[in-house]
Amino acid sequence: MKLRNVRWVILLGVVFILIWGVLPGPSVQAATITVCSCDVSSLIQAIEEANDYDGADTIVLQSGCTYTINSAYAADPDGYGPVGLPPITSDVTIQGNGATIERAGSADAFRLFYVTDAGSLTLEHLTLSNGLARGGDGGDGKNCGGGGAAGMGGAILNLGNLYISGVTLADNTAQGGDGGIDPGSVSLGSAGGGGLGGNGANASGNNGGRGGGVNGGAGGIYKGDGQDATGPGGGGGGSAAYDGNNWIGGNGDFGGGGGGSVGANAVGGSGGFGGGGGGDFYDYFNSGGLLSGGPGGFGGGDGGAFAGGGGGAFGGAIFNLNGVLTIENSTLTSNAVQGGNGGDGSDANDGEGGSGYGGAVFNYDGTVTINNATIADNQVVAGTGDPAGQSGGGGIYNYQDTGTSSLTLVNTILSDTPAGNVDCYNNGGTVDAPLTHVNLIENNGAGVNACGVPYSTADPQLGTLADNGGDTWTLALAETSPALDAVPVI
């Protein structure tokens, strides 16, 4: 190649870096993409390119960069709620080199990563912070409010393959949506249930409100039922106004709240997994008693009189949904789940509060392997209501529904969940964590809910999150910690 042509190629490369902040790889083959700035748009461009390339692609971040995301990249991809970065649809590795990816404190709610069922994401030497996955609130209606939606995976929702090594996940939150209420307005229809991608719509005149999210069910037109959600994350539609007939609220899909209903014998819509039930009409027409609201899904609160149940909250840092999750040499701390509050109902018959499970990790019918990790000081908080929700599994909650849920723990510390909650809880799944795997679980689940047999249940004596010499901040052990020099026999 002539020198003039070489200079021209170099000049094009420099222009590309100045405009995009990334070094391009080959056109369609596997590539290594270097992000040359600390700008979020450059990171987004790199992920988009990696998704487009064939094969396994690697994105290299600059050491010490903080990528602060101010708004969601996508509002509701596949119905699972807003995400700050492009959904992972191929085989992508991000080498962090000590960088941080965070959601801006003033930004609307969104998680940082969403790995689709076709995607595979490897994260190395990186910090993920301040992600917030919040379920939509149930809408309000003169007759009945909708149920709140679930909050799932504050930092990451994984449906594919997720491998984490040398990563710190801190201060991420999953929060359930609140149940809707009767605001005493002139609208006579019932409200829609919340969705993972947005609030349920309020009733409008005699018509019911639409369920939240892209897959929300339609509200009932006057003299009609609310419609069921059409896909994941959708809330059920609220029913039309009472006209002497019973109009039923639509059911929420996975994560979505149920729609409100109206009528002497009507039933509020059911919440999907984690969604609150829709509120039910006050039974003026029979004995003057209260009809029960629609049932919430697992972890979601039941609806009450006029009020929706609160949505559940799962996986403050990571929600693993039918996926494969591997965590090695990583720290998960100060993450939280907060169940949604039940709506304020009639005659003190409020909607039930949503529950909070898995302060750091929630595994739903997936496979989780954790090796040499510290999972400590993660919170699980129940939503208020009548009654309040429940809470459990501050570090890990392993839940088996209709599939197979497995958890393997090796040389891992689980500790310091506040308020007396257990650090690890198994609900129907399988756990591979025998004594020889040398785990420390300070407060384990009991009986069939235990996460194996720990070698110690003592206080591990962890310090605060600090710079202890690696690429990311970690929790150092005190010199007298029982976890020092414990080596797994595997």
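The following refers to the structure shown. Please read all numbers here as calculations on a predicted model, not as lab measurements.

**Thoughts on the overall build of the protein chain**
So, step 1. Along the backbone of the protein chain there are two helices and 31 strands.
So, step 2. The proportion of buried residues among the 490 residues of the protein chain is 57%.
So, step 3. Across the protein chain, contacts joining residues at least 24 apart in sequence account for 66% of those joining residues at least 6 apart.
So, step 4. Accessible surface, the protein chain: about 17500 Å² in total, of which carbon and sulfur atoms supply 50%.

**Quick word on unusual backbone geometry**
So, step 1. The linkage connecting aspartate 386 with the following residue, proline 387, adopts the cis geometry, with an omega of 0°.
So, step 2. Among the secondary structure elements, proline 387 is positioned in the loop between β22 (379-381) and β23 (391-392).
So, step 3. Unlike most non-glycine residues, asparagine 130 shows phi in positive territory, near 70°.
So, step 4. When you line up the elements, asparagine 130 lands in the loop between β7 (120-129) and β8 (132-134).
So, step 5. With a phi angle near 75°, phenylalanine 306 is a residue other than glycine that sits in the positive phi range.
So, step 6. If you trace the backbone, phenylalanine 306 turns up in the loop between β12 (173-175) and β13 (313-314).

**Focus on the sheet that holds β13**
So, step 1. The strand order across the open sheet built from four strands is β9-β13-β18-β23, with neighbouring strands paired in parallel fashion. The sheet is open, and its two edges are formed by β9 (151-152) and β23, each paired on a single side.
So, step 2. Where β9 lies against β13, two bridges are found, and the strand directions are parallel. Across the sheet, methionine 152 pairs through a bridge with phenylalanine 314, a residue of β13.

**Re the state of the cysteines**
So, step 1. Evaluated as defined, the whole model comprises two disulfides.
So, step 2. Between cysteine 38 and cysteine 65 runs a disulfide, and the two sulfur atoms are separated by 1.9 Å. Sign of the S-S torsion, about -65° for the bond between cysteine 38 and cysteine 65, identifies this disulfide as left-handed. Here the residue cysteine 38 occupies a position in the loop between β2 (32-35) and α2 (40-52), and cysteine 65 occupies one in the loop between β3 (57-60) and β4 (66-69), the gap between them amounting to 27 residues.
So, step 3. Judged by relative accessible area, cysteine 65 falls into the buried class, the value being 4%.
So, step 4. Through a disulfide, cysteine 424 is tied to cysteine 451; the S-S separation comes to 2.1 Å. Around the S-S axis, the bridge from cysteine 424 to cysteine 451 shows a dihedral of about -85° and counts as left-handed. A residue pair is termed long-range when its members are at least 10 positions apart, and cysteine 424 in strand β27 (residues 424-427) and cysteine 451 in the loop between β29 (440-441) and β30 (462-466) qualify at 27 residues.
So, step 5. Its relative accessible area of 0% is what places cysteine 424 among the buried residues.
So, step 6. Owing to a relative accessible area of 0%, cysteine 451 belongs among the buried residues under this scheme.

**Topic: the pattern of salt bridges**
So, step 1. A complete count under the given rule lists two salt bridges for this structure.
So, step 2. Among the salt bridges present, the one from aspartate 137 reaches arginine 134, with a minimum N-O distance of 2.9 Å.
So, step 3. Using a relative accessible area of 22% as the deciding quantity, one classes aspartate 137 as partly exposed.
So, step 4. For aspartate 178, the salt bridge goes to arginine 134, with nearest N and O atoms at 3.8 Å. Here the residue aspartate 178 occupies a position in the loop between β12 and β13, and arginine 134 occupies one in strand β8, the gap between them amounting to 44 residues.

Cut-off values and rules
- Starting afresh in each chain, residues are numbered from 1 along the sequence in its written order.
- Under the rules for a predicted model, residues below a pLDDT of 70 receive no local features and side-chain atom pairs below 80 are neither given nor counted, while totals for whole chains, interfaces and linings still include all residues.
- Only heavy atoms go into the side-chain values, all of them from the structure, while hydrogens and water stay out.
- Secondary structure elements follow DSSP: runs of H or I of four or more residues count as helices, runs of E of two or more count as strands, with numbering from the N terminus.
- Relative accessibility decides the category of a residue: with a 1.4 Å probe and only protein chains considered, values under 20% of the type maximum give buried, values over 50% give exposed, and everything between is partly exposed.
- Whether two residues are in contact is decided by their heavy atoms, any of which lying within 4.5 Å being enough.
- For the area figures, the Shrake-Rupley method with a 1.4 Å probe applies, and any residue is considered shielded solely by the protein chains shown.
- Two strands are said to pair when DSSP picks up at least two bridges between them.
- The definition used for a disulfide is geometric: two cysteine sulfur atoms within 2.5 Å.
- Salt-bridge detection follows one rule: a side-chain nitrogen of Lys or Arg within 4 Å of a carboxyl oxygen of Asp or Glu.

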